[in-house]
Amino acid sequence: MSKHKKNRQKRAISRAASDSNYIRTMIVLKWIKNNGCYQETGRQMGLHASRVWYWVKKMLHPTTFHPRDWGGDKRSLFSKEKTRKLHKLLLVLFRETPEADARLVHQFVCFLTKSEIGYSTVCRLLSQMGWTWRVPVHFQVLKYTTENMKRYMLYLLWVRQQDWSKLKFMDESHIVSRQLHKRRVLGLKNKRTYLKRRTLHDASASLTIMTSLDTVEPVVMTYRKESNTQWDFLEFVLYCDTLVIDNAAVHGGVASWRALLKLLTTYNVKLVYLPCYSPELNPCELVFNEVKRRIRSYRRSDKTILEEVVEATQSVNVKQMLSWYAHCIVPPKVLPDLNT
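Residues numbered from 1 in each chain as written. Predicted model: local features only at pLDDT ≥ 70, side-chain atom pairs only at ≥ 80, totals over all residues. Heavy atoms only, no water.

Take the overall build of the protein next. What the protein contains, in helices and strands, is twelve helices and five strands. Looking at the protein as a whole, 34% of its 340 residues qualify as buried. Of all intrachain contacts in the protein linking residues separated by at least 6 positions in sequence, the fraction that spans at least 24 positions is 64%. Taken as a whole, the protein presents about 23,300 Å² of accessible surface, with 55% of it coming from carbon and sulfur. (Helix = DSSP H or I, 4+ residues; strand = E, 2+ residues; numbered from the N terminus. Buried < 20%, exposed > 50% of the residue type's maximum accessible area, 1.4 Å probe, protein only. Contact = heavy atoms within 4.5 Å. Areas by Shrake-Rupley, 256 points an atom, 1.4 Å probe, with all protein chains shown as cover.)

What follows is the structure in structure tokens.
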């Protein structure tokens, strides 16, 4: 290609660019003259109203205009300074309202920017901050009072000095049959899978267990179709050296208190109460988790829920129990990680 032809092409490109800038400027001027009417401006310029809206926004609001095709409010970008301010204000919102939902966060950002921001823009702001929607871990505030934490630490110091073979823990749990079915079964794709059950309306029951490091029977259990009473756990006291229980009301009823004291004195049993709101110190909770997990995984329709519970508790061996004792007597963490 000759040099003369190249220069002629450059002049044509430059002329086209100047013409396009002139057309865009005329679009904006016509839009202002028509009092912001996109349809009328488009008719006068021979353009679609959406194209008029596009160039008016790009020419008049370059800082909030998104460079993608047909950019608008839903894909608007903020300046670095404005983004930094939004991040700080959002952090204030999260600290003041930790349970804020998506609707509240969206409304808050729209209020700060004074414009209709799309939810996708809010998600990008959260992603830039390193925040996302998480499953929360709930904790009991009353557990962390000074008095209870003092009791918590004294218990940990005491239990680590004890002979684990003489420690027995006891607790109760509700057994709801309809909540202990398999969560996944094999089936054809895009087809609903049905299982025949006759136990969906079984009554709830109470399972009481006592744990030990006995090699023959590490878990002793009782199963009742009604809730436990303050008299039910007294039968476990007869077979203990040191019995550790939680602060449930049934473990200290007024009517059974005298009988409990008499049993403790007669059989030389030491009764120890766990600190308040501290189920992580009781290995019975881990036994309940294992029993319910095993029932969900291996439950069969030809067996009753009682038979399933008995098989699951008998499957627990002393090796598992020893690891659960170690986990509860020497807990890996005392205080949660709180960003306050």
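Still to come is the rest of the account.
This next bit is on the pattern of salt bridges. If you walk through the whole model with that rule in mind, you get eight salt bridges. With a closest N to O distance of 2.7 Å, Asp 302 and Arg 300 form a salt bridge. The class of Asp 302 is exposed, set by a relative accessible area of 53%. (Salt bridge = Lys/Arg side-chain N within 4 Å of Asp/Glu carboxyl O.)

Interaxial distance between helix α2 (residues 38-45) and helix α3 (residues 49-60) falls to 8 Å at its minimum, and their mutual angle equals 105 degrees. Taken as axis vectors, α2 and α3 run roughly perpendicular relative to one another. For the pair formed by α2 and α3, the contact residues are Tyr 38, Gln 39, Thr 41 and Gly 42 on the first element and Ala 49, Val 52, Trp 53 and Val 56 on the second. (Axes fitted to C-alpha atoms, helices over the stretch in contact; angles between N-to-C directions. Parallel < 35°, antiparallel > 145°, perpendicular 65-115°, else oblique.)

Our focus in this paragraph is the pairing of strand β1 (residues 167-175). Moving residue by residue along a regular strand, the side chains alternate between the two faces of the sheet. Within β1, seven of the nine residues are buried, which leaves the element mostly enclosed by the surrounding structure. Pairing of β1 with strand β4 (residues 242-245), which is carried by three bridges, proceeds in the parallel orientation. Bridge pairing in β4 places Phe 169 opposite Val 244. Note: β1 against strand β2 (residues 205-211), seven bridges, orientation antiparallel. (Pairing = 2+ DSSP bridges.)

The strand order β3-β2-β1-β4-β5 describes an open sheet built from five strands, whose pairing is mixed. Two strands bound the open sheet, and with one partner strand each, they are β3 (219-224) and β5 (270-273). Ignoring which end each strand starts from, the neighbouring axes of this sheet average 20 degrees apart. Bridge analysis of β4 against β5 gives four bridges, and the strand direction is parallel.

Next up on the list: the environment of Gln 39. Checked against the element boundaries, Gln 39 lands in helix α2. Judged by relative accessible area, Gln 39 falls into the partly exposed class, the value being 48%. When the C-alpha positions of Gln 39 and Ala 49 are compared, they lie 5.0 Å apart, and in sequence the two are ten residues distant.

Another point: a nonpolar patch on the surface. On the surface, a nonpolar cluster with roughly 330 Å² of combined accessible area is contributed by Leu 238, Tyr 239 and Tyr 267. Along the chain, Tyr 239 turns up in the loop between α8 (234-237) and β4. Residue class for Tyr 239 comes out exposed when judged on its relative accessible area of 56%. (Patch = residues over 30% accessible without salt bridge, like charges linked within 9 Å, V, L, I, M, F, W, Y side chains within 5 Å.)

Next up on the list: the side chain of Glu 290. Residue placement: Glu 290 occurs in helix α10 (residues 283-298). Classification of Glu 290 by relative accessible area gives buried; the value is 16%. At 2.9 Å, the side chain of Glu 290 and the side chain of Arg 293 are in polar contact. If we ignore the near neighbours within four places in the chain, the residues touching Glu 290 are Gln 320 and Trp 324. (Polar contact = N/O pair within 3.5 Å; in protein donor to acceptor, adjacent residues only side chain to side chain.)

Further remarks concern the environment of Val 316. Among the structural elements, Val 316 can be located in the loop between α11 (305-314) and α12 (318-329). Given a relative accessible area of 4%, Val 316 falls into the buried group. The spacing of Val 316 and Glu 290 is 26 residues in sequence and 8.3 Å in space, taken between C-alpha atoms. In this structure, Val 316 is in contact with Pro 218, Val 219, Met 321 and Trp 324, ignoring residues within four places of it in sequence.

If you look at the biggest cluster of nonpolar residues, it comprises 31 residues, and the most contacted ones within it are Tyr 155 and Leu 167. Looking at this core, the elements that each hand over two or more residues are α7 (146-159), β1, β2, β3, α10, α11 and α12. Not counting residues up to four positions away in its chain, the partners in contact with Tyr 155 are Phe 169, Val 244, Val 272, Leu 274, Pro 275 and Leu 281. Core analysis: the second largest hydrophobic core is formed by 14 residues, Phe 78, Phe 94, Val 105 and Leu 126 among them. (Core = buried A, V, L, I, M, F, W, Y, C linked by side-chain atoms within 4.5 Å.)

Attention now moves to the packing of helix α4 (residues 80-96) against helix α5 (residues 102-113). Two numbers describe how α4 lies on α5: the axes approach to 11 Å, and their chain directions differ by 140 degrees. What the angle tells us is that α4 and α5 run oblique. Where α4 crosses over α5, the handedness of that crossing is right-handed. Here Lys 82, Leu 86, Leu 89, Leu 90, Leu 93 and Phe 94 of α4 lie close against α5, whose contacting residues are Val 105, Phe 108, Val 109, Leu 112 and Thr 113. (Left-handed = near helix turned anticlockwise from the far one by under 90°.)

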